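# Observations on the model geometry
So the chains spell out like this:
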Amino acid sequence: MNAIVNSTTCPLMRHPSMECEMVDEALFGWPVTILENSRDGWCLVRTHYRYTGYAPASCLLPGNSNAARWADLTRQVVRKGVCTVLAAPFVQSWPMATLTRGALVASRGEPDEKGWVKVSLPDGREGYTKISFLGKYYEKPAFDSEQALRAALASTAAEYLGTHYRWGGKSPLGIDCSGLAFMAYFLNGVIIYRDAAIKEGFPLREISRNDLKPGDLIFFPGHVAVYEGKGSFIHSTGFAGSDGVVRNSLNPAAPDYRADLDRSVTGVGSIF
């Protein structure tokens, strides 16, 4: 059975319990497939990017008809770090849903003169948010130009700077290293493997470190970073003093040089 995430974030757990490892996180409006019927309030699900985990049933709107209806709507992606869908188009109205960057809503017409746009939520409710908070939902690469796509991948990763590190996270509420890489690509219409690895069946391929360019991924043991260019990279790290999404460098002359990471590069991946 198909379903849609109907909560701000939906934790995907290693086991059907909150007292175990969170392996991933699905965001509001994302489709999933329920692989096992709910038991004790949990469902084993597979995401649209082929990752599996146990989701709380309370986070999901199940039903093939719901999923088909949602897929037929013109969806937009939230680009604001965190935003609220309100019941009416004025700031004093009550909140219906709190969304994070990467969440999906369905637009219901053009914005008014104040920038308010009506949107639908997966459960059929309608509310309002600002059009400036939304962007195009790309299901194929956002740019035909390699240079433009590379620049977009790096700049999207930079939007998460300052976000705290959270294992398994994929939102501005907390994000891990591979979650950051995934979201930089997802928001630009490319689906890569969710973990810090190059996996067959996904578009990332290994290249020489000498060929490293902006938008490529740098791999370390159990870690991944998005390369910006000129030695600089963005990553989410639990390293003491960083504790989240920061910039570091492979250039020994740079003040933010990380010698330990420079020495431990295991590979470089590119979709180009």
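Residues numbered from 1 in each chain as written. Predicted model: local features only at pLDDT ≥ 70, side-chain atom pairs only at ≥ 80, totals over all residues. Heavy atoms only, no water.

## Describing the overall build of the chain
Secondary structure assignment for the chain yields four helices and 22 strands. Relative to the globule expectation of 19 Å for 272 residues, the C-alpha radius of gyration of the chain, 19 Å, shows essentially globular dimensions. A principal-axis box enclosing the C-alpha atoms of the chain has dimensions of 55 × 50 × 35 Å. Burial statistics for the chain: of 272 residues in total, 53% are counted as buried. Long-range pairs, those at least 24 residues apart, make up 56% of the contacts in the chain between residues at least 6 apart in sequence. Surface exposure of the chain reaches about 12300 Å², of which carbon and sulfur atoms provide 50%. Charge-centre separation for the chain: the mean point of 28 positive side chains lies 3 Å from the mean point of 27 negative side chains. (Helix = DSSP H or I, 4+ residues; strand = E, 2+ residues; numbered from the N terminus. Rg over C-alpha atoms; globule rule 2.2 N^0.38 Å. Buried < 20%, exposed > 50% of the residue type's maximum accessible area, 1.4 Å probe, protein only. Contact = heavy atoms within 4.5 Å. Areas by Shrake-Rupley, 256 points an atom, 1.4 Å probe, with all protein chains shown as cover. Lys, Arg positive; Asp, Glu negative; His and termini not counted. Charge placed at Lys NZ, Arg CZ, Asp CG, Glu CD.)

## So, the side chain of R194
Mapped onto the elements of the fold, R194 is located in the loop between helix 3 (177-186) and strand 17 (205-207). Looking at R194, its side chain comes within polar contact range of the side chain of D24, at 2.7 Å. Only 2.8 Å separates the side chain of R194 from the backbone oxygen of G168, close enough to count as a polar contact. (Polar contact = N/O pair within 3.5 Å; in protein donor to acceptor, adjacent residues only side chain to side chain.)

## So, the packing of aromatic side chains
According to the stated counting rule, one finds nine aromatic pairs in the structure shown. Ring centres of W30 and F182 lie 6.3 Å apart, and the angle between their planes is 50°; on these two criteria the pair is classed as tilted. With W30 in the loop between strand 3 (22-27) and strand 4 (31-39) and F182 in helix 3, the pair connects residues that are 152 residues apart, well separated along the chain. Side by side, W30 and F182 carry an identical accessibility label, which is buried. (Phe/Tyr/Trp six-rings, centres within 6.5 Å; stacked < 30°, edge-to-face > 60°.)

## Brief notes about the sheet that holds strand 20 (residues 232-237)
Here six strands make up an open sheet; going across it, the order is 17-22-18-19-20-21 and the pairing antiparallel. Lying at the two open borders of the sheet, with one neighbouring strand each, are strand 17 and strand 21 (244-249). Between one strand axis and the next, the sheet turns by 35° as a mean value, whatever way the strands run. As paired elements, strand 18 (residues 217-220) and strand 19 (residues 223-229) share four bridges and run antiparallel to each other. Bridge pairing in strand 19 links L217 to V226. Along the sheet face, helix 2 (residues 146-158) touches strand 19, strand 20, strand 21 and strand 22 (267-270) and points at about 120° away from the line of strand 19. The sheet strands contacting helix 3 are strand 18, strand 19, strand 20 and strand 21, and the helix crosses strand 19 at an angle near 45°. (Pairing = 2+ DSSP bridges. Axes fitted to C-alpha atoms, helices over the stretch in contact; angles between N-to-C directions.)

## Let's talk about the nonpolar core
Of all hydrophobic cores here, the largest spans 49 residues; its most connected members are C10, W30, V45, L60, M183, Y185 and L217. In this structure, C10 is in contact with V5, D24, E25, A26, A55, P56, C59 and L60, ignoring residues within four places of it in sequence. M96, V119, L121 and L134 belong to the second-largest nonpolar core, a separate cluster that totals 13 residues. (Core = buried A, V, L, I, M, F, W, Y, C linked by side-chain atoms within 4.5 Å.)

## A look at the environment of S249
Position of S249 among the secondary structure elements: in strand 21. Residue S249 is classed as buried on the basis of its relative accessible area of 3%. Linking S249 and R69, residues 180 residues apart in sequence, is a C-alpha distance of 46 Å. Residues within four places of S249 in sequence aside, it is in contact with G231, S232, F233, A254, D256, Y257 and R258.

## Examining the packing of helix 2 against helix 3
Contact geometry for helix 2 and helix 3: axes closest at 8 Å, N-to-C directions at 130°. Classed by the angle they form, the pair helix 2 and helix 3 counts as oblique. Here the hand of the crossing between helix 2 and helix 3 comes out right-handed. Two secondary-structure elements touch here, helix 2 through L153, T156 and A157 and helix 3 through L180, M183, A184 and Y185. (Parallel < 35°, antiparallel > 145°, perpendicular 65-115°, else oblique. Left-handed = near helix turned anticlockwise from the far one by under 90°.)

## Considering helix 3
With 10 of its 10 residues buried, helix 3 lies for the most part within the structure. Buried within helix 3 we find C177, S178, G179, L180, A181, F182, M183, A184, Y185 and F186.

## With respect to the pairing of strand 22
Taking every second residue as pointing to the same face, both faces of strand 22 are buried, with G267 and G269 on one and V268 and S270 on the other. Here three bridges tie strand 17 to strand 22, and the two strands are oriented antiparallel to one another. Of the residues in strand 22, the one forming a bridge with I207 is V268. When strand 18 meets strand 22, the two strands line up antiparallel, connected through three bridges. When the sheet's bridge partners are listed, L217 is paired in strand 22 with G269.

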